[in-house]
Amino acid sequence: MADRGVDLSALPKEVRDQLAELDLELSEGDITQKGYEKKRTKLLAPFLFNTPAAPPLQNDVPPAAPAPSSHAPPPASSSRYRERRSRRTHRNGGTRDDRYRSDIHSEAVQAALAQHKEEKMALPMPTKRRSTYVPSPIDTRTPPDSSSASEDESAVRRQSSVVAPSSQVSPNLQSPESWLNRSALGSSTSSSASSTLSHGEAKPQPQSQAQPQYKPQYQPLYQPQYQEPSRAAAAAVTGMMAQSRIAPSENSAPPPDVTAVAPPVRGPRVDLPSKTVARGMNQGANRSSMMETADGVPVSSRVSTKIQQLLNTLKRPKKPPLSEFFTDDSEEIVEVPQLDPNTPKPEGRQIIPVKGEPLGVVSNWPPALQAALARWGATQGKSPALTALDITGKPLYTLTYGKLWSRSVKLAYTLLNKLGAKNEQILKPGDRVALVYPNSDPGMFWVAFYGCLLAEVIPVPIEVPLSRKDAGISQVGFLLGSCGVGLALTSEICLKGLPKTPTGEILQFKGWPRLKWVITDSKYLTKPSRDWQPHIPTANTDPAYIEYKASKDGTVVGVAVSKVAMLTHCQALTQACNYCEGETLVNVLDFKKDMGLWHGVLSAVMNRIHTISVPYAVMKACPLSWVQRVHIHKARIALVKCRDLHWAMMAHREQRDISLASLRMLIVADGSNPWSVSSCDAFLNVFQSHGLKPEVICPCATSPEAMTVAIRRPGVPGAPLPARAILSLSGLSHGVIRVNTEDKNSALTVQDVGHVMPGALMCIVRPDGPPLLCKTDEIGEIIINSRAGGTMYYGLPGLTKNTFEVIPVNTNGVPIGEIPFVRSGLLGFVGPGSLIFVVGKIEGLLMVSGRRHNADDLVATALAVEPVKTVYRGRIAVFSVTVFYDERVVIVAEQRPDASEEDSFQWMSRVLQAIESIHQVGLYCLALVPANTLPKTPLGGIHISDTKQFFLEGSLHPCNILMCPHTCVTNLPKPRQKQPVGVGPASVMVGNLVAGKRIAQAAGRDLGLIEDQDLVRKLCMWPTVMHQYLTEALQWRAQTDPDHVLYVLLNAKGVTVGTATCVQLYKRAEKIAAALTEKGCINTGENVVLLYPPGIDLIAAFYGCLYAGCVPVNVRPPHPQNLAATLPTVRMIIDVSKAGCILTTQNLMRILRSKEAAASVNIKTWPTIIDTDDLPRRRPPQIYKPPTAEMIAYLDFSVSTTGMLTGVKISHAAVSALCRSIKLQCELYSSRQIAICLDPYCGLGFVLWCLASVYSGHQSILIPPFELESCLSLWLSTLSQYRIRDTFCSYSVMELCTKGLGTQTELLKARGVNLSCVRSCVVIAEERPRLALTQSFSKLFKDVGLSSRAVSTAFGSRVNLAVCLQGTTGPDPCTVYVDMKSLRHDRVRLVERGAPQSLPLMESGKILPGVRVIIVNPETRGPLGDSHLGEVWVNSPHNASGYYTIYGEEGLQADHFNTKLSFGDPHTLWARTGYLGFVKRTELLDASGDRHDALFVVGSLDETLELRGLRYHPIDIETSVSRAHRSIAESAVFTWTNLLVVVSELCGSEQDALDLVPLITNVVLEEHHLIVGVVVIVDPGVIPINSRGEKQRMHLRDSFLADQLDPIYVAYNM
């Protein structure tokens, strides 16, 4: 700003006035931001001291739309300002809820915002998809945003204001100012409109100031990427969001591997390589294809600029210092309360109870209220009691005291004698009866109320139910139930309007008891016989009526008022208000409860007052109607709320000739609210010229329990007006009274509500804990002892005791007397002269981090931030939700139908700042919902508890949302500091042994010698008995058992489409070998790519390669419908493996050479392609040369979930050992049949599909997984039809069956599917067992005979394709529960099932014969003890020989395949799986009778996220997220520059999209103690999944950063 070096107060007056004009023009939108800056700089130029000017904004930025004013309004001395101001208030008419209107407050807010503007806070705007997003169920919709991506780019090109003192400015950093000052920002995102950004346009500019505005309390958490390396290295990363490692430390990184992305509709699974380099490719050569920025962020990405901005905002030091942290103990998270020494504490003496004046005894006061009615009915029958108005505000009818009495008597008689059949009394005195009358019909209500009193039944007035969906309708049912109501009185018109069933019955409302409805119109009442008189006893303590009250959590309770309390209260009001007989009173309040009932119905009858009732509907149509009634009837008393004052003030120009001179008392029912002061002042200001006297304004304080607590007595003309209190909001939040002196922005002005009621005694006690008396300068809850108060919550004795029978205690805990007090629910204090001040209500209290904030104060602040463009009718709700051990403040407002996205976002960011400045509290969430969609109370207010309920269950459907967890969550556990490993592994091991813990290792049984002696005799030609090479095994089987069927291939209909006997397979393999040598000119040892769909051709081609002496490389064929995505992977594997030839089918050969293929790869450079559909007929020559054990049998290429392409070399010896191991574990031999529904392209899937049958001789039934898409039940019906005992599948297949067939088990049964034959169903995977999926599969198909013990899992990795496989013998897999908090600290703590924060883990299958595993600390490489978490290392004869690399990466090879322990057994060579797990010795026994050691795999080291120094497994966070809302189909998490990004697929309607943002943020914070940085909501099927059913999170990350996801919504959490 240009005024940095200028003291504004020292400027000449005319310059100050001109600046004020300028500010006003900006706030009115009469000048652009740019013009404003220009003129302001010009005005201040002569007064600048010699400071370098701030650089002007760049010229290529389009002018911003006018930002709302962010400076305090100028002094009102400027005449133009005053004239304009009046023009504006008129113009903005009813758009703002000015109950809360306060000029003082508005100025405070503007000042707070101006202060923030100087700090220039940047908030990235959320991204919303424009295409199909439906914002609201109302007809008027937000117009689509017309701003284009180009404006977004211009915002990106702005000079950064968070630059390091280096001359180079990164184009990825954005000026925060661009968010606040420009309201027009493009926010449309689509995959096509990815904004581009050229380097040349960010002009480096020298910084104008060496000193930033604020001194960071700690170093910034994110070091910009353009710092010199030394600088970046030195920068410490703070604890706000501790550094997340995307790649783990080198020593634990398993190799790369190639990934899969599914097309948007999750159809065929497709494997895709990531943009990362394949392991073994020349690092330098591949740079061009990598992304251009240090973090792998595409330069053209719009997302990254937003995230960059988010990081910039997070860099600003948070208001609360981060010292008061939790310590994360492994047992429990405990808050360390460190009290701020500067917290103000109460210093006064203990309060003395305040006494009201004695209640005078007047001789002619009636003994009961009914007696007063009887007296006036008899003696003053013609006197008017009540005038009701029609909808236009004209009098409709007047009820006289005579008519009121006679009708009430008729009703009483009818109720007691005429409801049932002859001589049957349905109602007895003391029964409760509901009164259901609309607000527009006071006459019927009066008659019903007094009729009930005369019949001595207890009326329970409630609101008229309008529909089943009314806010809080079931809670009203709870009230009726707790009061035992069985009968409802209503009028004929009202009954006709109630919602009915098609048969004409009245609807049974949710939660309501069965009611009998009685119409009380005169024509249906019976005139009593002459001798019948109602019984009117002297008032006693029996209940007279029950008033309903909705509590903070939404429950509705009934406050019972006794007959004597009702009478005494009327007497006290009569004395306090000095009521006289025959006065006229205008009542605008609800006559069913509270002040409207006490003054307008009860006290009025006691004093023969004429009440004019103005219904809410009339006020809406004609806001001035009550003022006109006062004028016409010369009323002495008016009963109103601040809302009515405001509405009348807005409309007063329409009426010139009205006089309020007759009023002696204007009772303001909500005068105790903090914002009532300004309403009263403003109303007086307008109407003083119409005869209104200042002393007649009488605010009062009331509550349903204590009834009237205090009321200001009507003053004497000319007497000084009562004082005001200007309190410090900061003091109030600590519960103490401090007069505000220093910061006028955070002050609260309150007016007194007069003195205590006559005959009452008042104390102030602490609102929480025991009722301890407060000190004189302390805020507490007002409690009252009086005969005129509620007596109980009807039917709820437990609640009653805590509220109606409170005995205050002094500081020593000693009760101060015997008499019980009633809690009023009001917070306040006693001021000078025993005046009572109320500062809020208990139910509006938000306790955040030990400080109290009043919801109404926050509403007032939010409304003072120019809401006219954004908020619909000032409808704002404030409440708190409990998340992570503290209350968090949530603000929900209704958005005007014509508000633009930018206006709304601008308003939200300004509300954030205003509330933080004025109330020193951070907002957790700010949501805008479409107009008219928040649940309403009967008189049109917002139903807070229902709104909160909708928010928490995700059915609020916001159209804009802003979450700020980083600002307000300050109680996170301290980031974990990794301790340097001072203790050597040897000491750890010795420590374990001393502690009696064995070393965590486990082994399968010995491979042993071949027990099949018959086979040995026949295979005497083999080089060694141990190495049964597959080629020879096939040859031998073809000779000895030629017609034995090894393979059966099924299609989608379950029909056999191909079989292969031993001899057919052998002969076909020989032909392929010949074709290879002839057509392919392949030399021994060369690599050959096999490109086949799942089937028998693939198996024949594999053996053909072995017979030709070359090395097969099995590759998944490209997907014909998605070549662009899938063909590059094929090309990459062909290039990396340096294949000399491709074996494939005719069909695929055509695809490889097609035009479509040419679009994504270079088709001219394919190696030789041989089509094996067309092979020579003649018998090929014998060319087979037997291999040696170390020779490579085949290469296994696969894509890891982190998107790395990895090829491993599998030797002939390893193949034989693996097949033998599987044969022993699963007891496979020639007579056995197994079914395989797996993709046969890598890992154990390939081994089972192609190798195992040839080795063991069993028959394999092959079911290609893609066939399940056209026939879901194919796999299960095959198992049943062939009576299969052992089957192998993938998680994707299991998920398809669970989701698709789960509801059809009856249908399967009917088709005769029976799975009782299945002994083992093994899921083949390289991940932690998915327990939820396997359990739901078992449960769902239990009905068709599946044994609960059948389902188990296998585990393999890149270095060893099969570590565990359940097999047929040995104990069932066991499940343990581990504590997630310990797991994050790399510890395993076993807990009971159902313990909080527990995670169930299933054993990964039995360890295969010949395999040994040990658990090792990945850092020290020392062995760990039993039940410790570490990396799983494996030693076995079937370990892979190494990675397939072109350029030597020998270091990595040795590290992953041939590594040794640093202590213990230093000779054995181990391979590192790259997976974390632990071994636990169980109570179960294995086949040999020893205790069984179970291996539990927790997750891949590569995948883990390191955040705040802790290790997280993405799957755990994703599981929590998926539970957050029913519309979340699937989710995935990853980190980017220390931000946690959650991507969720939305399966519901798009209007649920924004509901998910707070729920996801809550659940991750609650369960994982992490703050989500970005929430991305996408369509189903967007999260890429590979063929093994694993999520490809790194792909997702790349697509997100490259802006290719086309998200429905992206929320950047602040």
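Please refer to the structure placed before this passage.
If you're wondering where the values come from, they're calculated on a predicted model, not measured in any experiment.

Each value, and the rule that gives it
Residues numbered from 1 in each chain as written. Predicted model: local features only at pLDDT ≥ 70, side-chain atom pairs only at ≥ 80, totals over all residues. Heavy atoms only, no water. Helix = DSSP H or I, 4+ residues; strand = E, 2+ residues; numbered from the N terminus. Buried < 20%, exposed > 50% of the residue type's maximum accessible area, 1.4 Å probe, protein only. Contact = heavy atoms within 4.5 Å. Areas by Shrake-Rupley, 256 points an atom, 1.4 Å probe, with all protein chains shown as cover. Pairing = 2+ DSSP bridges. Axes fitted to C-alpha atoms, helices over the stretch in contact; angles between N-to-C directions. Polar contact = N/O pair within 3.5 Å; in protein donor to acceptor, adjacent residues only side chain to side chain. Patch = residues over 30% accessible without salt bridge, like charges linked within 9 Å, V, L, I, M, F, W, Y side chains within 5 Å. Salt bridge = Lys/Arg side-chain N within 4 Å of Asp/Glu carboxyl O. Lys, Arg positive; Asp, Glu negative; His and termini not counted. Charge placed at Lys NZ, Arg CZ, Asp CG, Glu CD. Parallel < 35°, antiparallel > 145°, perpendicular 65-115°, else oblique. Left-handed = near helix turned anticlockwise from the far one by under 90°. Nonpolar A, V, L, I, M, F, W, Y, C, P; charged D, E, K, R; others polar. Phe/Tyr/Trp six-rings, centres within 6.5 Å; stacked < 30°, edge-to-face > 60°. Lys NZ or Arg CZ within 6 Å of the ring centre and 35° of its normal. Core = buried A, V, L, I, M, F, W, Y, C linked by side-chain atoms within 4.5 Å.

Remarks on the overall build of the protein
Broken down by element type, the protein carries 44 helices and 60 strands. The burial tally for the protein puts 61% of its 1614 residues in the buried class. Across the protein, the fraction of contacts at a sequence separation of at least 24, relative to all contacts at a separation of at least 6, is 76%. As presented, the protein carries roughly 61300 Å² of accessible surface, and 54% of it is formed by carbon and sulfur atoms.

Looking at the sheet that holds strand S4 (residues 354-355)
Spatially, S4-S22-S23-S25-S26 is the arrangement adopted by the five strands of the open sheet, whose pairing is antiparallel. Both edges of this open sheet fall to S4 and strand S26 (836-841), since each of them pairs with a single strand only.

A few points about the pairing of strand S22 (residues 761-765)
Within S22, five of the five residues are buried, leaving the element largely enclosed by the surrounding structure. Burial of S22 is two-sided: the residues Leu761, Cys763 and Val765 facing one way and the residues Met762 and Ile764 facing the other way are all buried. Bridging between S4 and S22 involves two bridges; their strand directions are antiparallel. For Lys355, the partnering residue across the bridge sits in S22 and is Leu761. As defined by bridge partners, S22 adjoins strand S23 (residues 780-785) across five bridges and the pair is classed as antiparallel. Note on S23: the bridge partner recorded for Met762 is Ile784.

Quick word on the sheet that holds strand S33 (residues 1001-1003)
Read across the open sheet, the five strands follow the order S33-S50-S51-S53-S54; overall the sheet is antiparallel. The open sheet is flanked by S33 and strand S54 (1491-1500), the only strands paired with a single partner. Strand after strand, the sheet turns through a mean of 40° between neighbouring axes, direction not considered.

Considering the environment of Thr1172
Within the secondary structure, Thr1172 sits in the loop between strand S39 (1168-1171) and strand S40 (1192-1199). Using a relative accessible area of 1% as the deciding quantity, one classes Thr1172 as buried. Counting along the chain gives 72 residues from Thr1172 to Ala1100, while the straight-line C-alpha distance between them is 9.7 Å. Among residues more than four places away in sequence, those in contact with Thr1172 are Arg1068, Ile1072, Tyr1092, Leu1143 and Thr1144. Here Tyr1092 takes part through its side chain, which lies 2.7 Å from a polar atom of the side chain of Thr1172.

Some remarks on unusual backbone geometry
Look at Arg873: it is not a glycine, yet its phi comes out positive at around 50°. Tracing the sequence through the fold places Arg873 in strand S29 (residues 871-883). On the basis of relative accessible area, Arg873 is assigned to the exposed category, the value being 51%. Of note in the backbone geometry, Ser1427 takes a positive phi value of approximately 60° without being a glycine. Given a relative accessible area of 16%, Ser1427 falls into the buried group.

So, a positive patch on the surface
A cluster of basic side chains, namely Lys34, Lys38, Lys39 and Lys42, defines a positive patch on the protein surface. Mapping Lys39 onto the fold places it in helix H2 (residues 33-44).

Observations concerning the packing of helix H37 (residues 1291-1301) against helix H39 (residues 1331-1340)
Geometry of a packed helix pair, given as the angle between the helix axes and the separation of the axes. Two numbers describe how H37 lies on H39: the axes approach to 10 Å, and their chain directions differ by 45°. Considering their axes alone, H37 and H39 lie oblique with respect to each other. For the crossing formed where H37 meets H39, the hand is left-handed. Counted together, Tyr1291, Met1294, Glu1295, Cys1297 and Thr1298 of H37 and Leu1333, Thr1334, Ser1336, Phe1337 and Leu1340 of H39 form the full contact between these two elements. Split into classes, the residues belonging to the contact of H37 with H39 amount to six nonpolar, three polar and one charged.

Remarks on the packing of aromatic side chains
On inspection of all chains with the given rule, the structure shows 25 aromatic pairs. Relative to Tyr885, the ring of Phe884 has its centre 5.0 Å away and its plane inclined at 65°; by these criteria the two rings are edge-to-face. Positioned above the aromatic ring of Trp376, the side-chain terminus of Arg608 is 5.8 Å from the ring centre. Sitting above the plane of the Trp647 ring, Arg643 keeps its charged end 5.7 Å from the centroid.

Observations regarding the packing of helix H30 (residues 1096-1108) against helix H35 (residues 1243-1256)
Two elements in contact, H30 and H35, have axes whose closest approach is 10 Å; the angle formed by their N-to-C orientations is 65°. Our classification of the angle between H30 and H35 gives roughly perpendicular. Viewed along their axes, H30 and H35 form a crossing whose handedness is right-handed. Together, Leu1098, Ile1099, Phe1102 and Tyr1103 of H30 and Phe1246, Trp1249, Cys1250, Leu1251 and Val1254 of H35 make up the contact between the two elements. In the contact of H30 with H35, the residues fall into nine nonpolar, no polar and no charged.

Observations regarding the nonpolar core
With 106 residues, the main nonpolar core has Leu489, Tyr545, Leu602 and Ile667 as its most contacted residues. By residue number, the principal contributor to this core is helix H11 (residues 442-455), which donates 11 residues. Membership of the second largest hydrophobic core comes to 90 residues, among which are Tyr1066, Val1215, Ile1222 and Val1497.

In short, geometric facts, not functional conclusions.
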